[in-house]
Amino acid sequence: MDFEFSEAEKQFQREVEAFLVEHHSLDVMDANPEQLSQTVETPAKRAFMRKLAARGWLGMSWPEQYGGLDRPGIYDFILTEALSRVGAPQCGKGVGIVGKTVIRHGSDAMKSYFLPRIIRGEIEFAIGYSEPQSGSDAASMMLKAVRDEQRGGWVLNGQKTWTTSAHFADWYWVGARTDPAQKHKGITLFLIEMDHPGLSIEPTWTIGDERTNEVFFDDVFVSDDFVVGELNRGWTYICEALDLERFAMMPVGPVEMKFEALRDYVATESCDGEPLCDDPVARKKIAQLATQLEVARMLQRRVIASAIAGGVPTVESSMYKLYMTQFGQRLADAALDLMGHDGQLKPGEPDAQLDGRFERSYRYTVVDTIGGGTSEIQKNIIAQRGLGLPRSF
Ligand SMILES: Cc1cc2nc3c(=O)[nH]c(=O)nc-3n(C[C@H](O)[C@H](O)[C@H](O)COP(=O)(O)OP(=O)(O)OC[C@H]3O[C@@H](n4cnc5c(N)ncnc54)[C@H](O)[C@@H]3O)c2cc1C
């Protein structure tokens, strides 16, 4: 596997890093990033996205005719990793999932409204696939869309769960059942303004202190102008968008940063009056974690290398997601062991170690193994598609 960046790519990486030093701000960057992907929920973060846009870094891999730079996806990867290492928000759903799908399948009116606004960093999106009875098997979604011929559109009733970003996004990218007689071929994608009458949003707080949301639909009318692509083809577009997003996938930066913080802690702190760096158990543990971090990096590079070669690295992505998120858990686990009782103190409490960073991490890393597809689902994909084993059920 050859993963050496070209000179032009290295130059771009240096350019992004210099930009991030110049625009360093604790209003925009989380000094201890926990989420694998930082969201754009404040005006300061939105302003930061517009600065990225002004550099031409949003939608770099879009075709030039839609305002992109026609650059290979590796540039999106370099940008995502650099942003993640400083805890800056990332250009996710708009340029990736929504923009690329609209470019491929949207009407001319949809393209001319959404694409310029996305590439200028002006609008944020929330993604609504999951429902109370429909998570791992998202294709079983039941949000009901009933045809209203007279008004030329659809009336939506039902509920979504786990819609991250719904409380600050401008638009909702949502899947609904337009044909109850079909499963995968009965789903249509809609774009709905987040403040649309009939939509209501309730917070759900995760174990890791992150807000996600339940969204309720009460006779929400959506005109045909906001149907994405063809009727009943939504599931195909949802799957396709996942494949288009290989380069902006979960960065390894946040776990690298946490590992570095723990390594420095072991190098400088003491336990029971003895320097941790002299303790053979602590030394072995940190060496083991360093090795595992290297494995996570290599698994990520396999995904990227395969995507560069034009492949659709489904199995490689599952291996990386499974390993990286479970590595995050092992790292937090080890940190709490090495820090003793004080490691369990929360941020802001006296004696909290590294300001409680790993106490939070210990809770948050559970969430990572669920969002974006659970560990069990990743194992199923590896078993079936990678190893040729039969479906479990
Ligand atoms: C913080 C967070 C943010 C999220 N953000 C979004 C978002 O913005 N938009 C969105 O649409 N969704 C979002 N999700 C939803 C996420 O994709 C689902 O939670 C996830 O796919 C699991 O679905 P579920 O919660 O319904 O669990 P279930 O699918 O009910 O699974 C329950 C348990 O059963 C196991 N299981 C299920 N099926 C199988 C199987 N076939 N084989 C073996 N084990 C199985 C699972 O691994 C899990 O342990 C988010 C979730 C979280 C936690």
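None of the values given here were measured: they were computed from a predicted structure.

Undergrad: Would you mind showing me how to read the domain arrangement of the chain here?
TA: Interfaces are often sized by the amount of accessible area the parts lose when they come together. Domain assignment breaks the chain into domain 1 (7–123), domain 2 (126–242) and domain 3 (252–386). Between the C-alpha centres of domain 2 and domain 3 the distance comes to 33 Å. A buried area of about 570 Å², summed over both sides, lies between domain 2 and domain 3, and 55% of it is on carbon and sulfur atoms. For the salt bridge of R360 with D209, the shortest nitrogen-to-oxygen distance reads 3.9 Å. The interface formed by domain 2 and domain 3 contains 4 residue pairs in polar contact (both at pLDDT 80 or more). Taken together, the residues of the side of domain 2 that touches domain 3 sort by class into 1 nonpolar, 3 polar and 2 charged.

Undergrad: Just to check I follow, could you spell out helix α4 (residues 94–105) for this structure?
TA: What sets the pattern is the α-helix's 3.6 residues per turn: residues three or four places apart point alike. Burial analysis of α4 places 10 of its 12 residues in the buried class, the great majority of the element. Among the residues of α4, G94, V95, G96, I97, V98, G99, K100, T101, V102 and I103 are the ones counted as buried. Of the surrounding elements, those touching the buried residues of α4 are α3 (74–85), α5 (108–119), β1 (125–128), β4 (171–177), β8 (227–228) and α6 (234–244).

Undergrad: Looking at this model, I keep getting lost on the site of the ligand. Mind explaining?
TA: The immediate surroundings of the ligand are formed by 20 residues, with S130, S136, W162, T374 and E376 found nearest. S130 places a polar side-chain atom, nitrogen or oxygen, 2.8 Å from a nitrogen atom of the ligand. Between the ligand and S136, the relevant distance is 2.6 Å, taken from an oxygen atom to a side-chain nitrogen or oxygen of the residue. When isolated, the ligand has an accessible area of 970 Å², and the protein chains bury 69% of it. Listing elements by their share of the shell around the ligand, those giving two or more residues are β1 and α11 (375–386). Among the elements that take part in the shell around the ligand, α11 stands out by supplying 3 residues, more than any other. Of the residues belonging to the shell around the ligand, the class tally is 7 nonpolar, 11 polar and 2 charged.

Undergrad: Which parts of the structure should I look at to understand the packing of aromatic side chains?
TA: For any pair of aromatic rings, the description consists of the separation of the ring centres together with the inter-plane angle of the planes. All chains considered together, the criterion is met by 11 aromatic pairs. A ring pair is formed by F19 and W57, whose centres lie 5.1 Å apart and whose planes are at 75°; its orientation type is edge-to-face. Here the residue F19 occupies a position in helix α1 (residues 7–22), and W57 occupies one in the loop between α2 (43–54) and α3, the gap between them amounting to 38 residues. The burial state of F19 is the same as that of W57; both residues are buried. Centre to centre, the rings of W171 and F226 are 5.6 Å apart; their planes meet at 25°, and the pair counts as stacked. Placement of W171 in strand β4 and of F226 in the loop between β7 (211–223) and β8 is noted, with a sequence separation of 55 residues between them. Given the relative accessible area of 5%, W171 is considered buried. For F226, a relative accessible area of 28% corresponds to the partly exposed category. Chaining the aromatic ring pairs together yields one cluster made of F12, F19, F48, W57 and Y75.

Scoring rules and cut-offs
Along each chain, residues carry numbers from 1 onward, in the same order as the chain's sequence is written. Only residues with pLDDT of at least 70 get local features here, since the model is predicted, and only at 80 or more are side-chain atom pairs given and counted; chain-wide, interface and lining totals rely on the full set of residues. Hydrogens are left out, water is left out, and the side-chain values use all remaining heavy atoms of the structure. Each domain's extent is set by a domain assignment, obtained either automatically or from a database. By buried area we mean the combined loss of accessible area, with a 1.4 Å probe, across both parts when two parts are placed together. Salt bridges are counted wherever a side-chain nitrogen of Lys or Arg sits within 4 Å of a carboxyl oxygen of Asp or Glu. As used in this structure description, the phrase polar contact means that two N or O atoms lie within 3.5 Å; if the pair is within protein, one of them must be able to donate a hydrogen and the other to accept it, and residues adjacent in sequence are counted only when both atoms belong to side chains. Residues are grouped as follows: nonpolar covers Ala, Val, Leu, Ile, Met, Phe, Trp, Tyr, Cys and Pro; charged covers Asp, Glu, Lys and Arg; every other residue, Gly included, is treated as polar. Exposure categories follow from relative accessible area, calculated using a 1.4 Å probe and restricted to protein chains: below 20% of the type maximum is buried, above 50% is exposed, and the middle band is partly exposed. Secondary structure counts use DSSP, requiring at least four H or I residues in a row for a helix and at least two E residues in a row for a strand, with both numbered from the N terminus. Contact between two residues is taken to exist if any of their heavy atoms lie within 4.5 Å; hydrogens are not considered. If a single non-hydrogen atom of a residue is within 4 Å of a molecule or strand, that residue counts as near it. To be clear on the numbers: accessible area is Shrake-Rupley with a 1.4 Å probe, and residue cover counts the displayed protein chains and nothing else. Here the aromatic set is Phe, Tyr and Trp, taking the six-membered ring for Trp, and pairing holds for ring centres within 6.5 Å; pairs whose planes are under 30 degrees apart are stacked, those over 60 apart are edge-to-face, and all others are tilted.

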